[in-house]
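# A closer look at the structure
Take a look at the letters that make up each chain.
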Amino acid sequence: MANRFGAEPILKSLRVPLALTRMGLVAEQILRRFWPFFTVAMLVLAVLMLGLQDLAPVELVWGGGVLSLLALIVTFALGIRRFHWPGRDAALARLDATLPGRPIQALLDQQAIGAGDAASAAVWRAHQNRMAARAAGARPAKPDLRIARRDPFALRYVALLALTVALIFGSIWRVGSVGDMAPGSAEAASGPSWEGWIEPPRYTGKPTIYLGDVEGDVLDIVQGSRITLRFYGDIGALTLAETVSGRIGELPSASDPAQDFRVVQDGELRIDGPGGQTWQVAVIPDAAPEVAVSGAAEAEAMGQMSLPFTATDDYGVVAGEARIALDLATVDRRHGLAADPDPRDEVTVPLPMPIAGDRRDFTETLIEDFSKHPWANLPVTFTLEVEDAAGQSRRAETYAATLPARRFFDPLAAAVIEQRRDLLWARANAPRVAQMLRAISHQPDDIFRSETAYLRLRVILRRLETMTEYGLKAAQQEELAEALWNLAILLEEGDLSDALERLRRAQERLSEAMRNGASDQEIAELMQELRRATDDYIRQLSRQAQNGEQQNGADQPNSGQDPNSMQMTQNDLQRMMDRIQELMEQGRMAEAQQALEELQQLMENMRVTQGQGQGGQSEGQQAMEGLAETLREQQGLSDQAFRDLQEQFNPNAQSGESQGNQGRNGGMGRGQTHDGPGGRGQGEGQSQSGENNQAGEGEPSEESLAERQRQLRQELNRQQGNLPGAGSPQGDAARDALDRAGRAMDGAEDSLRNNDLADAIDQQSEAMEALRDGMRALGEMMAEQQQQSQPGQGSVEGSERARNRDPLGRNAGSNGSIGTDENLLQGEDVYRRARELLDEIRRRSGDSDRPDVERNYLERLLDRF
């Protein structure tokens, strides 16, 4: 309620600021409504003062005079029509908006409740006094005289400039020369005429059509198109009749020179009069977009959900979202899920849209991580909805599935995650969760491998019981859930520094995953973790052997080797792990479990001796071979990108060449397998099935170049972490070079995702050059280390054996004969071994560093087989 009478004394003291503010509002209205009038007036006055009318024909002068007069009248009339005289209330509101807390409006308010209460009335009066003091310091509000949005082409400044030039170089007396002119006898116009345009909506990408160029009497027009018509000649000579706009109510005159309307329905468009025409209009409707789930929702090994979907629209999808809701009817309501769940809003995530390319028909994948969400691994429903540029939207059919999330294979970690889920399901489960956690931690010696994990659990348990006693709040519920999640991660991944313990943990997790029926992707990730742990363990054994020899002294002979022991190289270990993964991919879990147990026993009983560890290779040699393999694969990606770039400009010419080039120069990318000492290719390539391992035989890889570039960058990161020589000048130089290579690979990945193949090729060239620099620095470091040490006879013999191998990796036969006494298949699967040999031949034939004689020989082998 307003209290104007009580505020009048204050308002009287604001008369000057209020009056100035009101004048500013008047100036705003005049400038905003009459700037077209002022612009036309300044232009006309400038032309007259410069005397341009004396140089033009009299007919043109009078025609321009009439147009100028009409423009002045129209702009003035529009200004008068739109002008609103600002009142006192508007000035008060503008002035009040400049003050903090709007004190003037507070002074005009009246106490609504508590007027009869003395204390409340006293508080109100204090508030009024504070607002009055604040209002007393009011200053006039500055008017907003900016009209740039209304005059985007700055026509007012053009007119002002013309008038300024006229004032300097013209004369005001020249204006009167117009009155001395008599109207001429301009020829009348040849007759009435018309023009018209059809403008489809911008989002359709269709061009504007000039109506006069349309042949025939049928128009197919996109729904929502704008038709603009202009009639020239005598008013009324041409008229418009149409039934396509669907307009009702007050309509403009059919004889107006300017007609403008939008097409919303089928109908007739007719121009009556001389030169008129009639068209039958057929509207092309704008269909609503479509979206559907195109594949099953799956989770990666670390818990990221991927949900593929397909969206279509006749002119392109602009946005979309996915809503995820709990499917309570299908939840197994037992144990901690028996209680009524706490209310939770459905999850809404935006759908990914293609950054570049056509959005009329595309397939994308929604990737989100819901591992920490209360509904993780519970039944949910997915509802996808997309929208087009016309504002039309459509939902897909509800897709029901289990919300994919991270799975925990450690039994204790899985138990902690289950209690976390129950706690997030309902706060009423807090006493039950506390009881279960207390039971889990009753005898910690037989369950917990880490004292840190046990202490964390006890702290969480005490906090849970305390908070439950005083009433568990929502914020406390989330805090405890986060603590339980961190505890489960610690139990699952461990906080282990010993290489052997990490190896045992990787083997246990893989074994647990096989028993629990994990997905292929999860098993592949755990298999890669086992490979890394194995490499770390062997590296530690090699270092211990070197340190032991240095402590014993160079003059003491090496301890004799046990004649009953079995010698194994790292290649043998890699082949064992490849065999385990192959058995898992074939579903032969029992045999894979037995092979894993054999591998575990071998690793625990392994002893590395100097000159034999790592299969006769030092840590630097392993790093060198790994970088060489990365360089070859980077060269292959660059070649593929170059072929794609050629095909963009001349696809027909490159079709045959691309088939012949596939699989060469490392073109297989991450899909190929190598039996090199580092075994670095198996981590990515062996996760595919046996058929996919034939990617080098001409079939294109399913992975995009950008994804393969990202995987190669990750492999380079792993190699950087294992690079020897830290602290030495050559080692630091090698690391700097690999940093440059990594940055170039990141740039190449971004360019590939943006379909900028030319820039990607440049970035890949920089990455290869940096890799070569790193390998050069690493080689210098290895050469320096070799000069400082005394190589044993075993290493010399190993190098001699390596030189005597043929291109297929076989030892030369006895007595100088070509061939070998070794069994080529060695008891392995014939077809798998043959496929590996073909892949190796292709890889070596594409190695440009090899001699031409050897490459020609390998190419003849490929042609034959």
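Residues numbered from 1 in each chain as written. Predicted model: local features only at pLDDT ≥ 70, side-chain atom pairs only at ≥ 80, totals over all residues. Heavy atoms only, no water.

### Thoughts on the packing of aromatic side chains
Counted by the stated rule, this structure contains 12 aromatic pairs. Judged by centre distance (6.4 Å) and plane angle (80°), the rings of F309 and F362 are edge-to-face. In this pair, F309 is assigned in strand β11 (residues 304-312) and F362 in strand β14 (residues 361-369), connecting sequence segments 53 residues apart. Each member of the pair, F309 as well as F362, carries the same accessibility label: buried. Each ring, one from F382 and one from Y399, has its centre 5.9 Å from the other, and the planes form 40°; the classification is tilted. Note that F382 is positioned in strand β15 (residues 379-388) and Y399 in strand β17 (residues 399-402), a separation of 17 residues in sequence. On the basis of relative accessibility, which here comes to 0%, the residue F382 falls in the buried class. By way of ring pairs, the aromatic residues F34, F37, F38, F76, F83 and W85 are connected into one cluster. Its guanidinium or amino end placed over the ring of F408, R406 lies 5.1 Å from that ring's centre, counting from NZ or CZ. (Phe/Tyr/Trp six-rings, centres within 6.5 Å; stacked < 30°, edge-to-face > 60°. Helix = DSSP H or I, 4+ residues; strand = E, 2+ residues; numbered from the N terminus. Buried < 20%, exposed > 50% of the residue type's maximum accessible area, 1.4 Å probe, protein only. Lys NZ or Arg CZ within 6 Å of the ring centre and 35° of its normal.)

### Looking at the pairing of β15
Of all 10 residues making up β15, 9 are buried, and the element is well covered by its neighbours. Where strand β12 (residues 317-326) meets β15, 9 bridges bridge the pair, whose relative direction is antiparallel. Paired with L326 across the strands is V380, a residue of β15. Where β15 and β17 come together, 4 bridges link them in antiparallel fashion. Residue T381 lies in a different strand from β17, and its bridge partner there is A400. In this structure, β15 lies alongside strand β16 (residues 393-395), joined through 3 bridges in antiparallel fashion. Counterpart to E385 in the pairing with β16 is R395. Connecting β15 to the antiparallel partner β16 that follows it, the hairpin turn spans 4 residues, and G391 within it adopts a positive phi of roughly 90°. (Pairing = 2+ DSSP bridges.)

### Regarding helix α7 (residues 155-169)
Given a rise of 1.5 Å per residue, 15 residues ought to cover 21 Å, and the 21 Å separating the end C-alpha atoms of α7 matches this to within 8%. All of the buried residues in α7 are R156, A159, L163 and A166. Down the axis of α7, the buried set is contained in an arc of 85°. They therefore lie on one face. Opposite the packed face of α7, turned more than 90 degrees from it, sit the exposed residues L161, I168 and F169. (Expected span 1.5 Å × (residues − 1). Arc of directions from axis to C-beta.)

### Overview of the environment of V293
Positionally, V293 belongs in strand β9 (residues 290-293). Residue V293 is classed as partly exposed on the basis of its relative accessible area of 24%.

### Things to note about the pattern of salt bridges
Under the criterion given, the structure shown has 32 salt bridges. Taking the shortest distance from any N to any O, the salt bridge between E290 and R394 comes out at 2.3 Å. Of this pair, E290 sits in strand β9 while R394 is found in strand β16, placing the two residues 104 residues apart along the sequence. Look at E290 and you get partly exposed, because its relative accessible area is 37%. Where D358 meets R360, a salt bridge forms, and the shortest distance between an N and an O atom there is 2.8 Å. Using a relative accessible area of 43% as the deciding quantity, one classes D358 as partly exposed. A single salt-bridge network, built from bridges that share partners, covers E321, R323, E346, E385 and R395. (Salt bridge = Lys/Arg side-chain N within 4 Å of Asp/Glu carboxyl O.)

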